[in-house]
Amino acid sequence: MSRVYNFSAGPAVLPEEVLQAAADEMMDYKGTGMSVMEMSHRSKPFEEIITEAEADLRDLMGIPDNYKVLFLQGGASQQFAAIPMNLMKNGVADYIITGQWAKKAAQEAEKYGKVNRIASSEDKVFSYIPDCSDLPIDDNADYVYICENNTIYGTKYKELPNTKGKILVADVSSCFLSEPVDVTKYGVIYGGVQKNIGPAGTVIVIIREDLIRDDVLPGTPTMLKYKTQADAKSLYNTPPAYGIYICGKVFKWLKKMGGLEAMKERNEKKAKLLYDFLDQSQLFKGTVVKKDRSLMNVPFVTGNEELDAKFVKEAKAAGLENLKGHRTVGGMRASIYNAMPYEGVEALVAFMKKFEEENL
């Protein structure tokens, strides 16, 4: 069976050479006579896997020494609770609402303190990023929270909000490692890896050391305390070991490809191909304000639900998988993460042209 072009928003496409390398080591990892799936997380081989993975991630992102890297479980959604539990000292946080995930994060944080929704793009179905240059930041806010790339709606912050000195917390699940990032601008960067880095089940949290404290909210579970995880170097309990192993292989692949500058160039080239077609198409149209378009997630519609469904069905038959839009918005969405080759986007655009000719 030949592989399809997988445009899924997550779990998503992984680099083929990473999958092949993992397959080659499935039965016997480096002469241990066992798979990484079977290996003790306290063993020397796994210690090397997680240590090397962290070192490579630090290298890729330029993570300063005063930030900890945590490989955790529970996905990004579990961090919706962990963040207020660990960071709310004054019991107040400011949230910018640019999609479903920021909305859900704010709702979760309200269980632990006061949440101010200081900006939102919900008035236009989250099709843009609001102006964040002069926000009504609460003097007592413990942090300002954003979802940096909105998977469902296809928007991306091109400039970080002016937090007026407050800690910035960012969910970067769907743009993780897609371009260079200045880690020092954030207090916490976190993301589920299943979109752009690895298999579902692992979440990476990059957190400034001064934010890792004992004085968390009363009732915070031991597992959700960042100090618990940081002190144990992500090994307080059995971590998502195989997921971490795959992430480590993806980090190596990214370095081999030239790092995050090279990935940004590749991603811009892929996105331009698709957006340029959408901008001149008579049938398809993008749904996002041009200046706020994501490089990772590209939603589009025909304006006709039946035609959208026909497109998704015929695309699948042509080997272009998972193009159906999120259930909350409909239409189509192509997720073109790091591991999606340029040829995949070329194939999609060629199919869209053919479909347009046949259905206009």
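Placed above this text is the structure.
Bear in mind the structure is a predicted one, so any value in this text is a computation, not a measurement.

Thresholds applied
- Residues numbered from 1 in each chain as written.
- Predicted model: local features only at pLDDT ≥ 70, side-chain atom pairs only at ≥ 80, totals over all residues.
- Heavy atoms only, no water.
- Salt bridge = Lys/Arg side-chain N within 4 Å of Asp/Glu carboxyl O.
- Phe/Tyr/Trp six-rings, centres within 6.5 Å; stacked < 30°, edge-to-face > 60°.
- Helix = DSSP H or I, 4+ residues; strand = E, 2+ residues; numbered from the N terminus.
- Buried < 20%, exposed > 50% of the residue type's maximum accessible area, 1.4 Å probe, protein only.
- Lys NZ or Arg CZ within 6 Å of the ring centre and 35° of its normal.
- Expected span 1.5 Å × (residues − 1).
- Arc of directions from axis to C-beta.
- Contact = heavy atoms within 4.5 Å.
- 1 Å grid on protein atoms, 1.4 Å probe; cavity = no way out; pocket = protein on both sides within 12 Å on 5 of 7 lines; lining within 4 Å.
- Points joined across faces, edges and corners; volume = space filled by probe spheres on them.
- Nonpolar A, V, L, I, M, F, W, Y, C, P; charged D, E, K, R; others polar.
- Polar contact = N/O pair within 3.5 Å; in protein donor to acceptor, adjacent residues only side chain to side chain.
- Pairing = 2+ DSSP bridges.
- Axes fitted to C-alpha atoms, helices over the stretch in contact; angles between N-to-C directions.

**Q** Looking at this model, I keep getting lost on the pattern of salt bridges. Mind explaining?
**A** Between side chains of opposite charge, a pair can form as their charged atoms come close. With the rule as written, the count across this model stands at 28 salt bridges. Residue D210 pairs with R208 through a salt bridge whose shortest N-O separation is 2.6 Å. Linked by salt bridges that have partners in common, E52, D56, D59, K252 and K255 make up one network.

**Q** It is not clear to me how the packing of aromatic side chains should be interpreted in this structure. Could you clarify?
**A** Both the distance between ring centres and the angle between the ring planes are used here to describe each pair of aromatic rings. Under the counting rule described, the total for this entry stands at 13 aromatic pairs. Both rings, one in Y242 and one in Y245, keep their centres 5.1 Å apart while their planes meet at 50°; by these two values the pair is tilted. Residue Y242 and its partner Y245 are located together in helix α6 (residues 241-256), separated by 3 residues, close to a single helical turn. Here the two residues Y242 and Y245 agree in accessibility, since each one is buried. Centroid distance F277 to F284: 6.2 Å. Interplanar angle 50°. Geometry classified as tilted. Just as F277 is buried, F284 falls in that class too. Each member of the aromatic cluster is reached from another via a ring pair, and the members are F277, F284, F300, F311, F351 and F355. Over the aromatic face of Y342 sits the side chain of K269, whose NZ or CZ is 4.6 Å from the ring centroid.

**Q** Looking at this structure, I do not really get helix α9 (residues 342-359). What am I missing?
**A** In an α-helix, one full turn covers 3.6 residues, which means residues spaced three or four apart are oriented alike. Relative to the 26 Å expected for 18 residues at 1.5 Å per residue, α9 spans 26 Å between its end C-alpha atoms, a close match to the ideal helical length. Here α9 has its buried residues at G344, V345, L348, V349, F351, M352, F355, E356 and N359. Viewed along the axis of α9, the buried residues span an arc of 165°, placing them on a single side of the element. Packing partners of the buried residues in α9 comprise β1 (5-6), α7 (259-280), β12 (297-301), α8 (305-317), β13 (320-321) and β14 (332-335).

**Q** Explain unusual backbone geometry to me, please; I cannot follow it from the model alone.
**A** If a residue is not glycine, its phi is most likely negative; likewise, a peptide bond is most likely trans. P11 follows G10 through a cis peptide bond whose omega is -5°. As for its position among the elements, P11 is in the loop between β1 and α1 (16-24). In this structure, F126 takes a positive phi of about 55° despite not being glycine.

**Q** I tried to follow empty space enclosed by the protein on my own but got confused; where do I start?
**A** Summary: where empty space remains is shown by rolling a probe the size of a single water molecule over the atoms. Going through the model one piece at a time under the given rule, you end up with 1 cavity of 30 Å³ or more. What the largest cavity holds in volume is close to 40 Å³. Looking at the largest cavity, the residues that line it are V13, L14, P15, K195, N196, I197, V250, W253, N338 and A339. Its residues placed into classes, the lining of the largest cavity shows 7 nonpolar, 2 polar and 1 charged.

**Q** How should I be thinking about the side chain of N267 in this particular structure?
**A** On the secondary structure map, N267 appears in helix α7. A relative accessible area of 0% places N267 in the buried class. Among the polar contacts listed, one links the side chain of N267 to the backbone oxygen of S178, at a separation of 3.0 Å. Among residues more than four places away in sequence, those in contact with N267 are S178, L295, M296, I336, Y337 and N338.

**Q** How should the sheet that holds strand β8 (residues 168-171) be read in this particular structure?
**A** As summarised here, the arrangement of the 7 strands in space is β2-β10-β9-β8-β5-β3-β4, forming an open sheet in which the pairing is mixed. Two strands lie at the open edges of the sheet, namely β2 (67-72) and β4 (114-120), each paired on one side alone. Across the sheet, the mean angle separating the axes of adjacent strands is 20° when strand polarity is ignored. Summarising the sheet, strand β3 (residues 92-97) and strand β5 (residues 144-147) pair through 2 bridges and their orientation is parallel. Counted as the bridge partner of Y95 is Y145 from β5. Across the sheet, helix α2 (residues 44-61) touches β2, β9 (188-192) and β10 (203-208), and the angle it forms with β2 is around 130°.

**Q** For this particular structure, what's the right way to read the sheet that holds β14?
**A** The strand order β11-β12-β14 describes an open sheet built from 3 strands, whose pairing is antiparallel. For this open sheet the edge positions go to β11 (285-286) and β14, each flanked by a neighbour on one side alone. As defined by bridge partners, β12 adjoins β14 across 4 bridges and the pair is classed as antiparallel. From the neighbouring strand, N297 faces β14, where its bridge partner is S335. The sheet contacts of α7 involve β11, β12 and β14, and relative to β12 the element is tilted by about 20°.

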